[in-house]
Amino acid sequence: MSTFFSIIVDSTQDITKLDQSFLGFYTIDHHGAEDYTNLIINVLSQLGLDISKCRGQGYDGAKVMSGIYSGVQKRIQDIVPNAHFVHCCAHNLNLVICDSAKSSDTVRRFFITVQAVFNFFSSSAHRWALLALGDENTLKVHKTVLKKVCATRWKARHQAIFALKERFNDVLITLTKIALTTTNGDERNVSKSIRSKLDSVEFILLLCLWERVLRSMQDVSKVLQSVDINIQTSCDLLEQAIGSLSELRQNYSDIVNIANDLCSKWGISSKFPSKRQQFAKLHFDEIDGDRRLNVTEENFKIKIFYPVVDTALAQLKNRFKGLNVISSTFEFLNPTFLISTEENDLIKYAFDFIQLYKSDVTSDFTRQLLTSAERSFSKLKLIKNYLRNSTSQERLSNISVLSIERCRTDEINIKKIITDFANAKARKKMFF
């Protein structure tokens, strides 16, 4: 059993509105960084855990917890320098999207409209049935239903945007039908108001833009919430997300083309409506520039597209610095990295690692690492031979780990794994 540990602390309110923090459940009377730090130290002491053995911290993004000058993570790190802080990755990714969604008032109004569409249909069983059934001659219920825009879970935002995009034409038809047939004045006015907001090229552009932005990070979010994810894979996926958004930034014309195709399909004008120009007030200490408040076809790229994408890119790079530091520190211990790295480089990585964890690792670590690497090389020649020269890199790495760590592999019940796999993949169904 390892003598080292990491801590994760978060707080919430119970039914009596008392803030609780789970290291067990402990009542928190005050909410300062010093109070949280004292709580952590006292609880660890009660559990017989030496805080000097703490090697990791995980909190939310509140300044009290993650502040770099006087937050809990800084106070713990002053006591234990090697207790590195990493913000919860899935929560951090959600904050990236939230910050991007606040990049302009136009984007805020867009999400308010998406939520208004859901509220309008979900608040009435009759309206929901009209949208679900569509044409009266069709009795098939559509699989894609409108989703709620959640303020804290960005994945729910992607579901809401995707559902609205898939059912956009049905939504317009249903809103028009309600406006023409209803006898309720309030219902008629709301349906007309929502339809007028949807029936614009600006809304279609935002719909296409956000569907693309959220889709590029959907897979990353799923994997980051997996219980068996490793740090290196997380960093690789985040780099892929950054690359995807960077590519999107260079292809604004693709978003415009998709939006124009949808406008043509749905019978919506692809031209921005002409409106009276509105200008922001110029204060005496400001430099004159583009003070137009209207979003037009010419400035949509500057006022909306770039702020949304650039905010997402900047936040992805800045919010995961702690994770990247941990990844770069331990990357050389990855079996795949060991196999592909020269001995001199491994010695350098090992020396730097020893200097960082002097109290945890002895100078003999370098010899042990090189011995392990040499075993890896010898196993590589045995595993990837002439008959298995088409083995993929991932499979090669996994088989190598099983072979090198043979003592642990022998403890695995292979027959049980095969049986469970066979049962999970069984296609036979019992009909009686």
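Everything quoted here is computed from the prediction, not taken from an experiment.

**Q** Got a minute to help me understand the side chain of His-87 in this structure?
**A** As for its placement among the helices and strands, His-87 is situated in the loop between β6 (84–85) and α4 (89–101). Residue class for His-87 comes out buried when judged on its relative accessible area of 11%. At 3.3 Å, the side chain of His-87 and the side chain of Asn-92 are in polar contact. The residues touching His-87, leaving out its near neighbours within four places in the chain, are Tyr-59, Asp-60, Gly-61, Asn-92 and Leu-95.

**Q** Is there a simple way to think about the pattern of salt bridges in this case?
**A** When charged atoms on two side chains of opposite charge get close, those side chains can pair. Scanning the entire structure with this criterion turns up eleven salt bridges. Where Arg-108 meets Asp-105, a salt bridge forms, and the shortest distance between an N and an O atom there is 2.5 Å. Of this pair, Arg-108 and Asp-105 both sit in helix α5 (residues 105–122), three residues apart, which is roughly one turn of the helix. Owing to a relative accessible area of 38%, Arg-108 belongs among the partly exposed residues under this scheme. For the salt bridge of Lys-416 with Asp-420, the shortest nitrogen-to-oxygen distance reads 3.0 Å. Of the two residues, Lys-416 and Asp-420 both sit in helix α20 (residues 414–425), four residues apart, roughly one turn of that helix. Bridged by salt links that share partners, the residues Lys-165, Glu-211 and Arg-215 form one connected network.

**Q** What is the right way to read the side chain of Gln-315 from this model?
**A** Mapping Gln-315 onto the fold places it in helix α13 (residues 300–319). Of note is the side chain of Gln-315, whose polar atom sits 2.8 Å from the side chain of Arg-319. In contact with Gln-315, not counting residues within four places along its chain, are Val-96 and Asp-99.

**Q** Where do I start with helix α1 (residues 33–46) in this structure?
**A** Side chains three or four residues apart in an α-helix point the same way, a direct result of the helix having 3.6 residues per turn. Over its 14 residues, α1 extends 20 Å from the first C-alpha to the last, a length consistent with the 20 Å expected when each residue adds 1.5 Å. Every buried residue of α1 is listed here: Ala-33, Tyr-36, Thr-37, Leu-39, Ile-40, Val-43 and Leu-44. Down the axis of α1, the buried set is contained in an arc of 160°. They therefore lie on one face. In this structure, α1 carries Ser-45 and Gln-46 as exposed residues pointing more than 90 degrees from its buried face.

**Q** Mind showing me how you'd approach the nonpolar core here?
**A** For soluble globular proteins, the rule of thumb is that nonpolar side chains tend to be buried together. Core analysis: the biggest nonpolar cluster contains 65 residues, and Phe-168, Trp-210 and Leu-316 have the highest contact counts within it. Broken down by element, this core gets its largest block of residues, 14 residues, from helix α10 (residues 201–224). Not counting chain neighbours up to four residues away, the residues in contact with Leu-316 comprise Leu-93, Val-96, Met-217, Leu-238, Ala-241, Ile-242 and Leu-245. Ranked by size, the runner-up nonpolar core spans 16 residues in total, among them Ile-51, Tyr-59, Val-72 and Phe-85.

The rules we used
- Residues numbered from 1 in each chain as written.
- Predicted model: local features only at pLDDT ≥ 70, side-chain atom pairs only at ≥ 80, totals over all residues.
- Heavy atoms only, no water.
- Helix = DSSP H or I, 4+ residues; strand = E, 2+ residues; numbered from the N terminus.
- Buried < 20%, exposed > 50% of the residue type's maximum accessible area, 1.4 Å probe, protein only.
- Polar contact = N/O pair within 3.5 Å; in protein donor to acceptor, adjacent residues only side chain to side chain.
- Contact = heavy atoms within 4.5 Å.
- Salt bridge = Lys/Arg side-chain N within 4 Å of Asp/Glu carboxyl O.
- Expected span 1.5 Å × (residues − 1).
- Arc of directions from axis to C-beta.
- Core = buried A, V, L, I, M, F, W, Y, C linked by side-chain atoms within 4.5 Å.

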